[in-house]
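Structure at a glance
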Amino acid sequence: MLRSVLAALLVATACSTAVAAESAATLIARADKYWTEGKLDKAGESFAAAVAAEPKSSTALLRLAGFQLSQLEVSKSVATYRQVITLDPKNSKAWIGMGLAYLHSGDTELARAAFDEAIRVDPARKESLKPLLAKLDERKQ
């Protein structure tokens with residue numbers, strides 16, 4: 001009897017973990033759909049729900065941060081990009097997003113540092129960031 005109860009608990013735990021991961025992916029897809037349809041409040045709620053369903057998901061956090069930045073919630077997006085970078089310091093997309101957020105806030109030095117870090121962790125990003133870095137360099141002069 002005890003073995004049956006333990007086995008049932010293990011199966012239930014495994015299933016709930018799988019559902020949570022699927023739930024985050026489903027919520028992200030739903031948020032993307034809402035975003036495309038211009039239902040921005042619902043999109044934001046769905047991205048936030050995806051993060052709540054899977055708080056350590058770099059994907060969910062990255063999508064939320066991008067959405068926040070698109071809504072010009074710059075300080076929120078910076079905080080969310082920091083969460084991604086804390087979980088995954090080599091996530092070049094998060095570093096680029098952070099750089100863009102800093103650009104929106106007017107802090108070109110921190111933006112440049114974030115872009116440089118994106119290139120350091122993923123040298124293939126250098127070519128795509130080259131025009132933006134050139135513009136930042138022009139501003140300095």
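What follows covers the side chain of Ser92. Here Ser92 shows up in helix 5 (residues 92-105). On the accessibility criterion, Ser92 (6% relative accessible area) is buried. Filtering out sequence-adjacent residues up to four positions away, Ser92 remains in contact with Ala118, Val121, Asp122 and Arg125.

Turning our eyes to something else, we now look at the confidence of the model for the chain. On average, the chain scores 87 in pLDDT, and the residues at 70 or more come to 84%. Between residues 4-21, whose pLDDT stays under 50, and residues either more than four places distant or in other chains, the model counts 3 contacts.

On to the packing of aromatic side chains, then. All told, the structure shown has 3 aromatic pairs when counted by the stated rule. Note on Trp35 and Phe47: the rings are 5.8 Å apart at their centroids and 85° apart in plane angle, and the pair reads as edge-to-face. Placement of Trp35 in helix 1 (residues 2-36) and of Phe47 in helix 2 (residues 40-53) is noted, with a sequence separation of 12 residues between them. A relative accessible area of 0% means that Phe47 is categorised as buried.

A few words on helix 2. When the terminal C-alpha atoms of helix 2 are compared, their 20 Å separation across 14 residues agrees well with the 20 Å that a helix rising 1.5 Å per residue should span. Along helix 2, the residues classified as buried are Ala43, Gly44, Ser46, Phe47, Ala50 and Val51. Down the axis of helix 2, the sector holding all buried residues measures 165°, keeping them to one side. Opposite its buried face, helix 2 presents the exposed residues Asp41, Glu45 and Ala52, each directed more than 90 degrees away.

Parameters at a glance
- Residues numbered from 1 in each chain as written.
- Predicted model: local features only at pLDDT ≥ 70, side-chain atom pairs only at ≥ 80, totals over all residues.
- Heavy atoms only, no water.
- Helix = DSSP H or I, 4+ residues; strand = E, 2+ residues; numbered from the N terminus.
- Buried < 20%, exposed > 50% of the residue type's maximum accessible area, 1.4 Å probe, protein only.
- Contact = heavy atoms within 4.5 Å.
- pLDDT = per-residue confidence, 0-100.
- Phe/Tyr/Trp six-rings, centres within 6.5 Å; stacked < 30°, edge-to-face > 60°.
- Expected span 1.5 Å × (residues − 1).
- Arc of directions from axis to C-beta.

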